[in-house]
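Listed here are the chains, written in short residue letters.
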Amino acid sequence: MLTRRDMIRTSATGAAILLTAPNLSLVAQDKDKEKAAGPFTLPKLPYAFDALEPHIDAKTMEIHHDKHHKTYVDNLNKFIVGTGMETKTVEEILANLGKLPEKVRGPIRNNAGGHYNHTLFWQMMSAKGGAPTGAVAKAVDASFTDADGMFKALREAALARFGSGWAWVVSDRAGKLKIVSTPNQDNTLMDGTGTPILGIDVWEHAYYLKFQNRRAEYIDSFFKVINWDFVGSLYTAAVKV
Ligand code: MN3
């Protein structure tokens, strides 16, 4: 079980998640909450709202986490009832959307996707910033020449996403990285095209308060607060699967 302290430690040293939750078991966190309104709960932000200032502002972080992410969790809890998948992990739900009743498949796709994507997103950021190291750095170089090559490709995908969605760096099981963009709250677990190791939320709610329509500036600010320890742990787990 992941306690709050474990979550904070995980955010500080991304490698710890390999010991406690190799498959990012969101349900393990969810079960910690005793009075949850359903099987899924909003994970605590692993740092203060203002921790990523000046790159990502505190008000955006507060609304994004406490309102937007919470709504995905609340709606997932509402729609999952009676589907027979109440005890599944978010990852299992996302990989098996076709098994859900047609009536709730769309809402569960959006809200389970939103819950999973944001749970990763908070941990993918850290005030420390920095550059990739170790195995993930080698993979970045092999796939994109260098980190700047990866940023360039990720920036292009994030800018090209029309409307709301995400741009991702995903890994296949052999450790080859590629850039993918998905609409809405979709991700690459849904179609099995890879495991997300880094993702940028390009919904306007992620940047409009500070950057208004200047998505490119927000993207470059995000690049300064990437939690490479956590990204590295996601990469190692993706390759080991
Ligand atoms: Mn968002």
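Structure first, text after, so check above.
Fair warning: this is a prediction, and the values are worked out from it, not measured in the lab.

**Q** How should the nonpolar core be read in this particular structure?
**A** Note that soluble globular proteins tend to have their nonpolar side chains buried in a common cluster. Grouped together as the largest cluster of nonpolar side chains are 61 residues, with contacts concentrated most on I108, M125, L198 and Y218. With seven residues, the single largest contributor to this core is helix α6 (residues 102–123). Counting residues domain by domain, this core receives three or more from each of domain 1 (7–123) and domain 2 (134–239). Residues within four places of I108 in sequence aside, it is in contact with L76, F79, I80, T83, I93, L97, L100 and G113.

**Q** Would you take a moment to explain the packing of helix α7 (residues 134–144) against helix α8 (residues 147–160) for this structure?
**A** Two quantities define a packed helix pair, namely the angle between the axes and the distance from one axis to the other. Relative to each other, α7 and α8 sit at 65°, their axes nearing to 8 Å. The angle between α7 and α8 falls in the class roughly perpendicular. Where α7 crosses over α8, the two elements pack in a sense that is left-handed. When α7 is examined against α8, the residues V140, D141 and F144 are found in contact with a partner set consisting of A147, G149 and M150. Residue composition of the contact of α7 with α8, grouped by class: four nonpolar, one polar and one charged.

**Q** Help me out: how do you make sense of the environment of L177 in this one?
**A** Looking at the element boundaries, L177 is found in strand β2 (residues 177–183). What makes L177 buried here is its relative accessible area of 3%. Considered as a pair, L177 and A142 are 35 residues apart in the sequence and their alpha carbons are 8.5 Å apart. When residues no more than four places from it in sequence are discounted, the contact partners of L177 are A139, V140, S143, F144, V169, V170, S171, I197 and Y235.

**Q** So what exactly am I meant to see when it comes to the packing of aromatic side chains here?
**A** Both the distance between ring centres and the angle between the ring planes are used here to describe each pair of aromatic rings. In the structure shown here, the tally under the stated rule is eight aromatic pairs. Between F121 and W166, the aromatic rings sit 5.3 Å apart at their centres with planes inclined by 85°, giving edge-to-face as the arrangement. Of this pair, F121 sits in helix α6 while W166 sits in strand β1 (residues 165–171), placing them 45 residues apart in sequence. No difference in accessibility class separates F121 from W166, as the two residues are buried. Through successive ring pairs, a cluster of aromatic residues spans F121, W122, F151, W166, W168, F222 and F223.

**Q** I tried to follow the coordination of the manganese ion on my own but got confused; where do I start?
**A** In an ideal tetrahedron of four donors about a metal, each angle is 109.5 degrees. In an ideal octahedron of six donors, the angles are 90 or 180 degrees. Those donors, H64 (NE2), H118 (NE2), D201 (OD) and H205 (NE2), are the protein atoms that reach the manganese ion, and they lie 1.9 to 2.2 Å from it. The motif formed by the donor residues of the manganese ion, counted along the single chain, is H-x53-H-x82-D-x3-H. Of this pair, H64 sits in helix α4 (residues 58–80) while H118 sits in helix α6; the two residues are 54 residues apart in sequence, bridging distant segments of the chain. Assessed through its relative accessible area of 0%, H118 is described here as buried.

**Q** Mind showing me how you'd approach the pattern of salt bridges here?
**A** Opposite charge on two side chains allows them to pair when their charged atoms are near. Within the structure shown, the criterion is met by seven salt bridges. D74 is the partner of K70 in a salt bridge, and the nearest nitrogen-oxygen pair spans 2.8 Å. One end of the pair, K70, and the other, D74, are both in helix α4, four residues apart, so they sit about a helical turn from each other. In this structure, R155 engages D220 in a salt bridge whose closest nitrogen and oxygen atoms are separated by 2.7 Å. Separated by 65 residues along the polypeptide, R155 in helix α8 and D220 in helix α10 (residues 215–223) bring together distant segments of the chain. A residue is classified by how much of its surface remains accessible, and D220, at 31% relative accessible area, is partly exposed.

**Q** Is there a simple way to think about unusual backbone geometry in this case?
**A** Across the chain, the bulk of peptide bonds are trans and the bulk of non-glycine residues have phi less than zero. Put simply, E53 and P54 share a cis peptide bond, and its omega is 0°. Note that P54 resides in the loop between α3 (26–30) and α4. Of note, the phi angle at T145 is positive, near 75°, even though the residue is not glycine. In this fold, T145 is placed in the loop between α7 and α8. The phi dihedral of N184 is positive, around 55°, even though this residue is not glycine. By the element assignment, N184 lies in the loop between β2 and β3 (195–201).

**Q** Looking at this model, I keep getting lost on the packing of α4 against α6. Mind explaining?
**A** Axis separation between α4 and α6 bottoms out at 8 Å; the angle between their running directions is 140°. Viewed along their axes, α4 and α6 adopt a mutual orientation that is oblique. Considering how the two elements wind past one another, α4 and α6 form a crossing that is left-handed. Touching M61, H64, H65, H69, T71, Y72, V73, N75, L76, F79 and I80 of α4 are V104, P107, I108, N110, N111, A112, G114, H115, H118, T119, F121 and W122, all from α6. When grouped by side-chain class, the residues that make up the contact of α4 with α6 number 12 nonpolar, 11 polar and no charged.

Here is what the cut-offs are and how they apply
Residues numbered from 1 in each chain as written. Predicted model: local features only at pLDDT ≥ 70, side-chain atom pairs only at ≥ 80, totals over all residues. Heavy atoms only, no water. Core = buried A, V, L, I, M, F, W, Y, C linked by side-chain atoms within 4.5 Å. Buried < 20%, exposed > 50% of the residue type's maximum accessible area, 1.4 Å probe, protein only. Helix = DSSP H or I, 4+ residues; strand = E, 2+ residues; numbered from the N terminus. Domains from an automatic or database assignment. Contact = heavy atoms within 4.5 Å. Axes fitted to C-alpha atoms, helices over the stretch in contact; angles between N-to-C directions. Parallel < 35°, antiparallel > 145°, perpendicular 65-115°, else oblique. Left-handed = near helix turned anticlockwise from the far one by under 90°. Nonpolar A, V, L, I, M, F, W, Y, C, P; charged D, E, K, R; others polar. Phe/Tyr/Trp six-rings, centres within 6.5 Å; stacked < 30°, edge-to-face > 60°. Donors = N, O, S within 2.8 Å, 3.2 Å for Na, K, Ca; no water. Salt bridge = Lys/Arg side-chain N within 4 Å of Asp/Glu carboxyl O.

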